[in-house]
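This is what each chain is made of:
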Amino acid sequence: MYNIVLLCNNDDRIKTALPTTENITFSYTDSPDVAPDTECVLVSQEYSGGSVSEIIKTFKKRGIPCAVVTFDGSDENRAHLISSGVTDVFVLPTSDELLLKHITAMLSSQRIGSDAGFETFAKVIALDDQKGAFVVHESNFTNLYRFVKRLLDRMDKPACLVKFSFTSPNNEPLEPGALEEAFLIVKTCLRRGDIVSIYGNSLLAILIGADAEGAKVASQRIVDTYQGFSFNNTYEMSYEAQEIK
């Protein structure tokens, strides 16, 4: 079963054109801030507009396979998308069988190898000489997440993924340095062995050995610490926690 995220506006035409199959389930969003456990992202060309190149770069940076879906299968449009850095183009409408083959081929060619997570984790440990959580670059977080998930499955141990988000009264974008300030607080509050990363405009943390209740307690403690010690009280920190399964 493939769980695919479709990045689009509220477009019924796309939802109707995508086939319904027992091998693929779709979830729809208009935000590129997808979770690191996302198997694959399909980006609507209509949604992306002139930003398709930046959107594709974002997912490639995070190690998440992605493709563009479009209703325009002309050679001119394909050439335009390829020149924008798009590797895979799915033309709609398409059959169940063809879509499944396209997605399977894309995941097979783009998915990071099974040893890559181990290599990343080994480098993090070798370079780490500080207290608090291990710090991971955004480009390595998705890969390391998958490695931790496989490892925990074998060990039958719990872990939670926590996303820390920030809002302001006027929904203004974060000022330069605000995310880095929060990052230092989160890193210091977490235990050695946990993992933390700046991920887009959010912070992601993997709490090793924590169940849902433990993650809630730890996350709330971090929020309280941030609100109490932040030099800039413009932003409200919130969190979402989910067990890694």
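These notes cover the structure that comes with them. What you see is a predicted model, and the numbers here were worked out from it, not measured in a lab. (Residues numbered from 1 in each chain as written. Predicted model: local features only at pLDDT ≥ 70, side-chain atom pairs only at ≥ 80, totals over all residues. Heavy atoms only, no water.)

Now for the overall build of the protein. For the protein, the count of helices and strands is nine helices and 10 strands. Per-residue burial over the protein gives 45% buried out of 245 residues. The long-range fraction of contacts in the protein, counting pairs at least 24 apart against all pairs at least 6 apart in sequence, stands at 68%. As displayed, the protein offers around 12,900 Å² of accessible surface, 51% of which is attributable to carbon and sulfur atoms. (Helix = DSSP H or I, 4+ residues; strand = E, 2+ residues; numbered from the N terminus. Buried < 20%, exposed > 50% of the residue type's maximum accessible area, 1.4 Å probe, protein only. Contact = heavy atoms within 4.5 Å. Areas by Shrake-Rupley, 256 points an atom, 1.4 Å probe, with all protein chains shown as cover.)

The strands making up a sheet associate through hydrogen bonds between their backbones, and the pairing can be parallel or antiparallel. Spatially, E6-E8-E9-E7-E10 is the arrangement adopted by the five strands of the open sheet, whose pairing is mixed. Each of the sheet's edge strands pairs with one partner strand only, and the pair in question is strand E6 (134-135) and strand E10 (236-243). Pairing of E6 with strand E8 (residues 195-199), which is carried by two bridges, proceeds in the parallel orientation. By the bridge assignment, valine 135 is partnered in E8 with valine 196. The sheet strands contacting helix H7 (residues 138-155) are strand E7 (159-167), E8 and strand E9 (202-208), and the helix crosses E8 at an angle near 145 degrees. (Pairing = 2+ DSSP bridges. Axes fitted to C-alpha atoms, helices over the stretch in contact; angles between N-to-C directions.)

A few words now on the pairing of strand E1 (residues 2-7). Taken across its six residues, E1 has five buried, putting it largely inside the fold. Taken together, the six bridges between E1 and strand E2 (residues 24-29) define a ladder with parallel strand orientation. Its bridge partner being in E2, valine 5 is matched across the sheet by serine 27. Pairing of E1 with strand E3 (residues 40-44), which is carried by four bridges, proceeds in the parallel orientation. The residue of E3 that forms the bridge with valine 5 is valine 41.

Ranked by internal contacts, the top residues of the largest apolar core, which has 31 residues, are Val41, Phe59, Phe141, Ile195 and Ile206. Residue assignment for this core shows that the elements contributing at least two residues are E1, E3, helix H3 (52-62), strand E4 (66-70), H7, E7, E8 and E9. Of the residues forming this core, the biggest block, six residues, is contributed by H7. Counting 24 residues, the second largest nonpolar core, distinct from the first, contains Ile185, Leu207, Ile222 and Tyr235. (Core = buried A, V, L, I, M, F, W, Y, C linked by side-chain atoms within 4.5 Å.)

Secondary-structure assignment places tyrosine 226 in helix H9 (residues 212-229). As for tyrosine 226 and glutamate 236, which are separated by 10 residues in sequence, their C-alpha atoms are 9.0 Å apart.

With that out of the way, let us pick up the pattern of salt bridges. This structure, assessed with the given rule, holds three salt bridges. Of the charged contacts, one joins aspartate 33 and lysine 163 as a salt bridge, the two residues approaching to 2.8 Å between their closest N and O atoms. Residue aspartate 33 is located in the loop between E2 and E3, and its partner lysine 163 is located in strand E7; the two are separated by 130 residues in the primary sequence. (Salt bridge = Lys/Arg side-chain N within 4 Å of Asp/Glu carboxyl O.)

Here we take up the pairing of E4. Within E4, five of the five residues are buried, which leaves it mostly tucked inside the rest of the structure. Residues Cys66, Val68 and Thr70 of E4 are buried on one face, and the alternating residues Ala67 and Val69, pointing to the opposite face, are buried as well. Relative to E4, E3 is paired through four bridges, and the arrangement is parallel. Across the sheet, residue serine 44 finds its bridge partner in E4, namely valine 69. In this sheet, strand E5 (residues 89-91) lies alongside E4 in parallel orientation, the contact comprising three bridges. By the bridge assignment for E5, valine 69 is matched with phenylalanine 90. Crossover handedness for the path E4 to helix H4 (residues 75-83) to E5: right-handed. (Right-handed = clockwise from strand over helix to strand, strands pointing away.)

One open sheet accounts for five strands, arranged E2-E1-E3-E4-E5; its pairing is parallel. Where the open sheet ends on each side, the last strands, each with one partner, are E2 and E5. The sheet shows a mean angle of 30 degrees between the axes of neighbouring strands, taken without regard to direction. The strands touched by H3 are E1, E3 and E4; relative to E4, the strand with the most contacts, the crossing angle is about 150 degrees.

Another aspect to go through is unusual backbone geometry. Leucine 92 connects to proline 93 through a cis peptide bond whose omega is -5 degrees. Secondary-structure assignment places proline 93 in the loop between E5 and helix H5 (96-110).

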